[in-house]
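Single-letter residue listing:
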Amino acid sequence: MPRAVLSNRALIHLSGVEAQEFLANLVTCDVLALREGDLTAGALLSPQGKINWSFLIGRTGDGFVLDVAAQDAVDFAKRLKFYRLRAKVDISEPQMVSAQIVWGQDVASGDARRDMRFKSIVVYRSFGDAGDAPVDAGWMALRITHGVAEAHLDYAYADMFPHDVNLDQIGGVAFTKGCYVGQEVVSRMHHRGTARWRVMVASGVGLGSVSAVTIDGRNSGTVGSVSDTLGLAIVRLDRVKDALDKGVEILAGEVPISVSFPQDVTFTWPVSTAEPA
């Protein structure tokens, strides 16, 4: 059974009679639709629609739990408290934990929660003392092939819209709920189909992480996480499609790469590759 341990996570708990309303009006995901035992992706955006924080969120008996990168936890908790104002919400101090991940099985025991970012494979996540459990390198490959990008490893905060990192593809953006911070920009991008950047799978021998993707010398993206010959690349779809149509080489650093769609995504190549003047 594949297994991975991430020792760099933190949990923030939210409770109180207005916790659900508070989160629903603040973050990108559909908090009201959250089911017990699930973890779904979400983000807190800037008013301009860029990702300032990303997380996984799940229900608890008296509220919600947010799973965030440990290095972001303190600042993220402060930002949540900044937005709280007079809302009847209790926001805990971050609790540093390890996340234990298993996948490829139908049933998980104990307090494990299903990671809903993955559609065609069952992935469970639980928290606590990781002990001496080994880290399985397959976790990185799993994220890459499913197009699941993570902040710091694959992109920087304040640089990306949710569509750029496939947040809309992995259940992290709700387009049928009310307003949230940055909602107008994200909704317009979605309904007009103007997302140019997307997470793709790069393949090449000798791939290195944090490599620039270039086409004819033009910066057309970056490769973040790498596992053997696979890399998670955030690229300009129109430029990649144009290169493929013309047989132009795509490079990640000095390495020639091929580019393909991650599993389970619904977006396709742009209809027109012509760039605006």
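Note that the structure is predicted; figures quoted are calculated from it, not measured. (Residues numbered from 1 in each chain as written. Predicted model: local features only at pLDDT ≥ 70, side-chain atom pairs only at ≥ 80, totals over all residues. Heavy atoms only, no water.)

## A look at the overall build of the chain
Phase 1: Across its full length, the chain holds five helices and 15 strands.
Phase 2: The C-alpha atoms of the chain give a radius of gyration of 19 Å, which matches the 19 Å a tight globule of 277 residues would have.
Phase 3: With 277 residues in all, the chain has 52% of them scored as buried.
Phase 4: Partitioning the intrachain contacts of the chain with sequence separation of at least 6 by distance along the chain shows that 68% fall at a separation of at least 24.
Phase 5: Surface accessibility of the chain: about 12900 Å² in total, with carbon and sulfur atoms responsible for 50%.
Phase 6: Here the chain holds 27 positive side-chain charges and 32 negative ones, and the gap between their average locations is 6 Å. (Helix = DSSP H or I, 4+ residues; strand = E, 2+ residues; numbered from the N terminus. Rg over C-alpha atoms; globule rule 2.2 N^0.38 Å. Buried < 20%, exposed > 50% of the residue type's maximum accessible area, 1.4 Å probe, protein only. Contact = heavy atoms within 4.5 Å. Areas by Shrake-Rupley, 256 points an atom, 1.4 Å probe, with all protein chains shown as cover. Lys, Arg positive; Asp, Glu negative; His and termini not counted. Charge placed at Lys NZ, Arg CZ, Asp CG, Glu CD.)

## So, the pattern of salt bridges
Phase 1: What the rule picks out here adds up to 12 salt bridges.
Phase 2: For the salt bridge of K246 with D242, the shortest nitrogen-to-oxygen distance reads 3.2 Å. With K246 and D242 both in helix 5 (residues 237–246) and four residues apart, this pair spans about one turn of that helix.
Phase 3: Judged by relative accessible area, which is 60%, K246 ranks as exposed.
Phase 4: Residue classification places D242 among the partly exposed positions, given a relative accessible area of 25%.
Phase 5: Look at the salt bridges and you will find they share partners, linking R9, D67 and R125 into a network. (Salt bridge = Lys/Arg side-chain N within 4 Å of Asp/Glu carboxyl O.)

## Examining the pairing of strand 10 (residues 211–215)
Phase 1: Going residue by residue along strand 10, you find S211, V213 and I215 tucked away on one face and A212 and T214 left uncovered on the opposite face.
Phase 2: In terms of strand pairing, strand 10 meets strand 11 (residues 218–227) through five bridges, oriented antiparallel. Each residue of the ladder has a partner; that of V213, found in strand 11, is G221.
Phase 3: Linking strand 10 to strand 11, which pair antiparallel, is a turn of two residues; within it D216 sits at a positive phi near 55 degrees.
Phase 4: Across three bridges, the pairing between strand 10 and strand 13 (residues 250–252) is antiparallel. Bridge pairing links I215 to I250 in strand 13. (Pairing = 2+ DSSP bridges.)

## Things to note about the layout of surface pockets
Phase 1: Each pocket or cavity is described by its volume, and for the largest pocket that value is around 480 Å³.
Phase 2: If you go around the largest pocket, you meet 32 residues; those closest to its centre are R9, R143, E150, A151 and L153.
Phase 3: The class makeup of the residues in the lining of the largest pocket is 18 nonpolar, six polar and eight charged. (1 Å grid on protein atoms, 1.4 Å probe; cavity = no way out; pocket = protein on both sides within 12 Å on 5 of 7 lines; lining within 4 Å. Points joined across faces, edges and corners; volume = space filled by probe spheres on them. Nonpolar A, V, L, I, M, F, W, Y, C, P; charged D, E, K, R; others polar.)

## What to know about the pairing of strand 9 (residues 197–203)
Phase 1: The buried fraction of strand 9 amounts to five of the seven residues, a majority that puts the element mostly inside the structure.
Phase 2: Looking at chain direction, strand 9 and strand 12 (residues 230–236) are connected through seven bridges and run antiparallel. Looking at the pairing, W197 lines up with R236 of strand 12.

## Section: the state of the cysteines
Phase 1: Under the defined criterion, the tally for this structure stands at zero disulfides.
Phase 2: Among the cysteines around C29, which has no disulfide bond, C179 carries the closest sulfur, lying 15 Å off.
Phase 3: The exposure class assigned to C179 is exposed, which follows from its relative accessible area of 58%. (Disulfide = S-S within 2.5 Å.)

## Examining the packing of aromatic side chains
Phase 1: Applying the stated criterion to the full structure yields eight aromatic pairs.
Phase 2: Relative to Y83, the ring of F82 lies with its centre 5.5 Å away and its plane at 80 degrees, an arrangement referred to as edge-to-face.
Phase 3: Judged by relative accessible area, Y83 falls into the partly exposed class, the value being 27%.
Phase 4: Through pairs of rings, three or more aromatic residues link up here, namely W53, F55 and F76.
Phase 5: Sitting above the plane of the F161 ring, K50 keeps its charged end 5.0 Å from the centroid.
Phase 6: The ring of F82 has R79 lying over it, and the distance from NZ or CZ to the ring centre is 4.7 Å. (Phe/Tyr/Trp six-rings, centres within 6.5 Å; stacked < 30°, edge-to-face > 60°. Lys NZ or Arg CZ within 6 Å of the ring centre and 35° of its normal.)

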